[in-house]
Each structure stands twice: as structure tokens, then as C-alpha cells.
Amino acid sequence: MTTTAPPVKDRPDDGGDGGGGRGGGPAKDERLLGDSALRRLLGRPELGAVVGALAVFLFFSVVADSFLKMSSFGTVLYAASTIGIMAVPVALLMIGGEFDLSAGVLVTSSALISSMFSYQMTANIWVGVFVSLLVTLAIGMFNGFMLTRTKLPSFIITLGTFLMLTGLNLGLTKLISGKVSTKGISDMQGFESARKVFASELTLGSVELKVTILWWAGLVALATWILLRTRFGNWIFAVGGNAEAARAVGVPVRLTKIGLYMGVGFCAWVSGQHLLFSFDVVQSGEGVGNELIYIIAAVIGGCLITGGYGSAIGSAVGAFIFGMTSKGIVYAEWNPDWFKFFLGAMLLLATLLNAWVRKRAEATR
């Protein structure tokens, strides 16, 4: 993001030496001086998250002996990726000034649609997978359309979608399968090929990595490129900073917000397919509450609640902090009931740290 340079102050006439100073050299226009490395660093939204991640890493390195093992590293990355895949579009949505409280159950809806459609239609698994993609994109479009059409807060719109999806997930699953979980589909055609795409494992040396880590890294890279190198990225920052001002200068605010919600739908589809092909059977009540974890990861990563500020890389760091904390507690052999306490404490500390970093960055301008 660019900053507005201060105007050049009037200087007294220096005797006609071509604008030079007393030493005869050319005077430097302060508008042409680049920001210092420190100023650029302080201006990065993910700085506070990086500092927090280092602190969490050092803490669990001390209190948990097995935390530094290479096998543990793969487990931490996997836990981070399952949150990070969804934290990326949620972060972009927050930069655009909106929320999505239906993101958690939408992941479960995606898995349920793929499983039940394939089973009931006795079709190739990939047919159900692509039907699920279309439905989740449609749900994202619905959220964006309702938001821009009704002018209601995104909190209300997506809370309604959350409740409807929660009821549909449970009601339709019980109606079709007779119980709260889907039937196994591992023996159906296309299951193994789909599993390789969404739930396979890679081995690098002694480290076993889930394919979700690659999905996560690819989505972070794509989102970062969109934010920093495309016109759509500029639109996201603009509508999050001031939607009316953005509309006045020609930014398509409605299409931008609908596109952001469809991005949430796409990533929910990816996460849902991983859920399905990892466990074969999906519980219809899963996903409730995960939307808050996605938002927490984005906020820890530097996204402002008010919009217009944040980064995809920051959301990845926030998800990595989540992964380290969730698994670090296990490796330290603590009671996992304390996890939510640590998550809440990290949210408060990260928010305070991010606010302090932004104040320091503004003070150095």
C-alpha cells in the first residue's frame, strides 16, 4: 500500500546554484526518498503475528520435549493447514470489510453433498465432488447477493445462512441416510483418485506431510498475488476502507463482495472434500464453531475488524500459531481443555500487539 508523501517546504533562494545546497550538490526532493526498511517492516500487517508465532514456538520448545521432533513438525503443519485453508478467504473477506459466520458449517455441507449425491445417484465420486463445488459456490454467491441487495450487515446475513445450513445438514442427512452421519463410499468408483487429490500424504525424509499443506501454501500464494498485484486486490482494500468512496471512483463494490464470498465457498469445498476423503464418513453436526477459529486466525494475522487492512500471509501465520498451540498442548501433556483459554489469550494479545505496531508505524511517517 502506498503512503502519501508530505509536501516539499519552500526553501530560500540559494544563489542560483541549480537547486544545490551549500556544498554545491543537488538537493534531494524528500518526495523521492524511499521508506526506510524499519518503516516498511513496521507497516506490515503480519508483523505482530510473526512475533507472536516466535514466542509460541519458543514457549513450547521449552515446555514440550517432543515439540521439536521432525515428526511433530508435520503434525503441526497439518493442524495449521486445516484452519489455514479457510483462514485465507476469510482474511480477504475481512479486508473487504465483511464477515462470514457460515464458513464452518459450509465445509461440512460441502462434504455431505459430495457423499450423499454420489451414494444416492450411484455415480462416480467425481460427479458428487463437482456438484458440491457448484453448490458451495452458489451459497457463497447467495451470501454476497443478499448482502449487497438488502444492505443488511454481513453478521445478520451469514448468521441466517449458518442456521439454515446447520438445519439442512442435520435434517437432510437423517432423511436420506436415516442417521446423523453419511454412509461409507470408499468402495465407489473414483474414491481413490479423489483421495489422492484431497487427502493423500507425502513423505519428505522423516516428515510425513498431508496434501492439505500444499493446498494451503498454494492458496496463500494466490491470495497474496491477488491482493498485491491485481486490480481486484486494489478493489478489496478499497471497499474495505470505504465502500461509498470506492463506488464513487468506479470500483464495482457489489461484484467485489460477491466474489469474496464465492472465494469462501471455493475454499470450503476444498476443506470439505478433505474431510470426506480422509474419513469416508461425515458427521452432519461437524463444523459448528469453526467459523470463529477462522476469524481468530485472520485477526491474529493482522486483519482489522473494521476492514481495509490485512494480508493473506498474516492469516497463514495466525493458522500456524493455532497449529502450534493445539498440538503443543498435547506434546506438553497438558489437559486439552485449556486450549480455548490459550486461544482466547492469544487473540487478545495479538490484537493489542497489532494495534501497537500500527501506532508505531504511523508515528514514524
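The structure displayed is predicted, hence computed values, not measured ones.

Caption draft 1: Spatial organisation of the side chain of S118. Looking at the secondary structure, you find S118 in helix α4 (residues 103-120). Ignoring anything within four residues of it in the chain, the contact list for S118 reads A123, N124, I125, G128 and M188.

Caption draft 2: Geometry of the pairing of strand β1 (residues 201-204). As paired elements, β1 and strand β2 (residues 207-210) share 4 bridges and run antiparallel to each other. From the neighbouring strand, L204 faces β2, where its bridge partner is V207. Linking two consecutive strands that pair antiparallel, namely β1 and β2, is a turn of 2 residues; a positive phi of about 65° is found at G205 within it.

Caption draft 3: Summary view of α4. The end-to-end C-alpha distance of α4 is 26 Å, a good match for the 26 Å that 18 residues give at a rise of 1.5 Å each. Burial analysis of α4 places 14 of its 18 residues in the buried class, the great majority of the element. Downstream of α4 by a residue or two, T122 has a phi angle that is positive, lying close to 45°.

Caption draft 4: Expanded view of the environment of P336. Turning to its location among the elements, P336 is positioned in the loop between α13 (312-331) and α14 (339-363). C-alpha separation for the pair P336 and S326, spaced 10 residues apart in sequence, amounts to 8.0 Å.

Caption draft 5: The arrangement of unusual backbone geometry in detail. One non-glycine residue with positive phi stands out, namely T122, at about 45°. Along the polypeptide, T122 turns up in the loop between α4 and α5 (125-150).

Caption draft 6: A look at the packing of α5 against helix α6 (residues 154-177). The geometry of α5 relative to α6 is characterised by a closest axis approach of 9 Å and an angle of 145° between their N-to-C directions. Of the two possible hands of crossing, α5 and α6 adopt the one that is right-handed. Taking contact as the criterion, the partners of I139, F142, N143, M146, L147 and T150 in α5 are, on α6, S154, I157, T158, T161, M164 and L165. Residue composition of the contact of α5 with α6, by class: 7 nonpolar, 5 polar and no charged.

Caption draft 7: How the structure looks around the pattern of salt bridges. Throughout the structure, instances matching the rule amount to 3 salt bridges. We note a salt bridge from R247 to E244, for which the minimum N-O separation is 2.9 Å. Note that R247 and E244 are positioned in helix α10 (residues 243-248) at a spacing of 3 residues, about one turn of the helix. By relative accessible area, R247 is classed as partly exposed at 37%.

Caption draft 8: A look at the packing of aromatic side chains. What the rule picks out here adds up to 13 aromatic pairs. Taking 6.0 Å as the distance between ring centres and 50° as the angle between the ring planes, the aromatic pair formed by F60 and W334 counts as tilted. With F60 in helix α2 (residues 47-63) and W334 in the loop between α13 and α14, the pair connects residues that are 274 residues apart, well separated along the chain. Exposure remark for F60: the relative accessible area of 3% places this residue in the buried category. Judged by its relative accessible area of 31%, W334 falls in the partly exposed class. Every member of this aromatic cluster is reached through a ring pair, and the members are W126, F130, F191, F198, W215, F266, W269 and F277. The ring centre of Y78 lies 5.5 Å from the NZ or CZ of K210, which sits over that ring.

Conventions and cut-offs
Residues numbered from 1 in each chain as written. Predicted model: local features only at pLDDT ≥ 70, side-chain atom pairs only at ≥ 80, totals over all residues. Heavy atoms only, no water. Helix = DSSP H or I, 4+ residues; strand = E, 2+ residues; numbered from the N terminus. Contact = heavy atoms within 4.5 Å. Pairing = 2+ DSSP bridges. Expected span 1.5 Å × (residues − 1). Buried < 20%, exposed > 50% of the residue type's maximum accessible area, 1.4 Å probe, protein only. Axes fitted to C-alpha atoms, helices over the stretch in contact; angles between N-to-C directions. Left-handed = near helix turned anticlockwise from the far one by under 90°. Nonpolar A, V, L, I, M, F, W, Y, C, P; charged D, E, K, R; others polar. Salt bridge = Lys/Arg side-chain N within 4 Å of Asp/Glu carboxyl O. Phe/Tyr/Trp six-rings, centres within 6.5 Å; stacked < 30°, edge-to-face > 60°. Lys NZ or Arg CZ within 6 Å of the ring centre and 35° of its normal.

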